[in-house]
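Here is what each chain is made of, one letter per residue.
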Amino acid sequence: MTTAHADDRVTLASVAEEAGVSLSTISKVLNGRADVAAATRSRVEELLAQRGYARRGAGTAAKADLIELVFHELESVWSMEIITGVEAVAKEHGLSVVLTESGSRHAPDPAWVEGVMRRRPVAVVLVFSGLAPEYRERLQSRAIPFVIIDPAGDPSPDVPSVGSANWSGGLLATRHLIELGHTRIATITGPEDMMCSLARVDGYRSAMNSAGLAVDPDWVRFGDFHVTGGRAHAAELLALDDPPTAIFAGSDLQALGVLEVARSRGLRVPEDLSIVGYDDIPLVQWVSPRLTTIHQPLRRMAEEATRIAIRMSTETFTGTPRIDLATNLVVRESTAPPAA
């Protein structure tokens, strides 16, 4: 149960009066109870924030020794890199990690917010493109810091986040193919509503334009970052009358889909088709040929996000932490000069 000093009780009583609810309802909101109507909860939390109410002890004694890591899907191969990074830093601080799968790629669902209020972790690390303002306010009202690991979007400037240089990755991948002598280069990026997909395409376009190469609109495809997306678009691209000699896939999983289609059509990689992926997941070192790719430092991104989140639980930050880690090209056997 929430405890309050005399001055806090005055604040809570005035909030209760203005919101038209009882002190018991205020207490339920403060303790993250689910039996409060969403509209009432939102109104109470807005008034508490306006009055500058800070729950005593909210940042220390009431919290479990947990870091909560939240994904919209756990099936992606690169999720293990994220988990490994978060667990390593959590272990350094004597904390455990709880995994949650919730929502879409853009944000967790409302039920997750109710749950995290009850669990009261030390901090939350989210693998999403953003976090709705009402979710931020609820976490902040409980002094639960959060950081977004952002391999798939462009969070609001006021959201703590760790990302990577997507535009540079697209530029590096395409420039590598151009330097090998390719001129007919296609790209299969991720969903069109994700900033990282657009940034990687922009990097591709910049490299093509700098080299004076035309970009055929039919060679720019938006996939889903999964094998299925690479497979579907590669089948169409390689069936063209004048197909590309190289494909830059916006994820390693899509690159594997491209490789599958190339083999099914009797094409040799890299002799007949060069392929570049993105992410550098461990799996791509074991396919044949080994995949040339853009290394996105997923484990380091997870480590940095967790360190920031833990620091935010004990320190006051000025400004909003934002880190963008560099990407780099890893050349393996899936790329070569085009056939004469």
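Residues numbered from 1 in each chain as written. Predicted model: local features only at pLDDT ≥ 70, side-chain atom pairs only at ≥ 80, totals over all residues. Heavy atoms only, no water.

A.B. asks: Looking at this structure, I do not really get helix 10 (residues 252–264). What am I missing?
C.D. replies: Here helix 10 spans 19 Å end to end across 13 residues, near enough to the 18 Å set by a 1.5 Å rise per residue. Taking burial as the measure, the 13 residues of helix 10 include 10 buried ones, the bulk of the element. At its buried positions, helix 10 is contacted by strand 6 (185–189), helix 9 (227–237), strand 8 (246–249), strand 9 (274–279) and strand 10 (292–295). Residue Gly266 follows helix 10 closely and has a positive phi angle near 75 degrees. (Helix = DSSP H or I, 4+ residues; strand = E, 2+ residues; numbered from the N terminus. Expected span 1.5 Å × (residues − 1). Buried < 20%, exposed > 50% of the residue type's maximum accessible area, 1.4 Å probe, protein only. Contact = heavy atoms within 4.5 Å.)

A.B. asks: Explain the sheet that holds strand 11 (residues 322–325) here, please?
C.D. replies: Hydrogen bonding along the main chain pairs the strands of a sheet, whether they run parallel or antiparallel. A sheet is described by the order of its strands in space; here 6 strands give the open sequence 2-1-3-4-5-11, paired in parallel fashion. Looking at strand neighbours, the two that pair on one side only are strand 2 (96–101) and strand 11, the edges of this open sheet. Along the sheet, successive strands turn relative to each other by an average axial angle of 20 degrees, direction set aside. As defined by bridge partners, strand 5 (residues 161–164) adjoins strand 11 across 4 bridges and the pair is classed as parallel. (Pairing = 2+ DSSP bridges. Axes fitted to C-alpha atoms, helices over the stretch in contact; angles between N-to-C directions.)

A.B. asks: Teacher, can you tell me more about unusual backbone geometry here?
C.D. replies: Peptide bonds are, in most cases, trans, and in most cases residues other than glycine have a negative phi. Cis geometry marks the peptide bond from Val269 to Pro270, where omega comes out at 15 degrees. Along the chain, Pro270 falls in the loop between helix 10 and strand 9. At Asp279, a residue that is not glycine, the phi angle is positive and equals roughly 125 degrees. You can see Asp279 is positioned in strand 9. Of note in this structure, Asp280 is not a glycine but carries a positive phi near 65 degrees. Turning to its location among the elements, Asp280 is positioned in the loop between strand 9 and strand 10.

Note that all results are geometric; they support no functional claim without further evidence.
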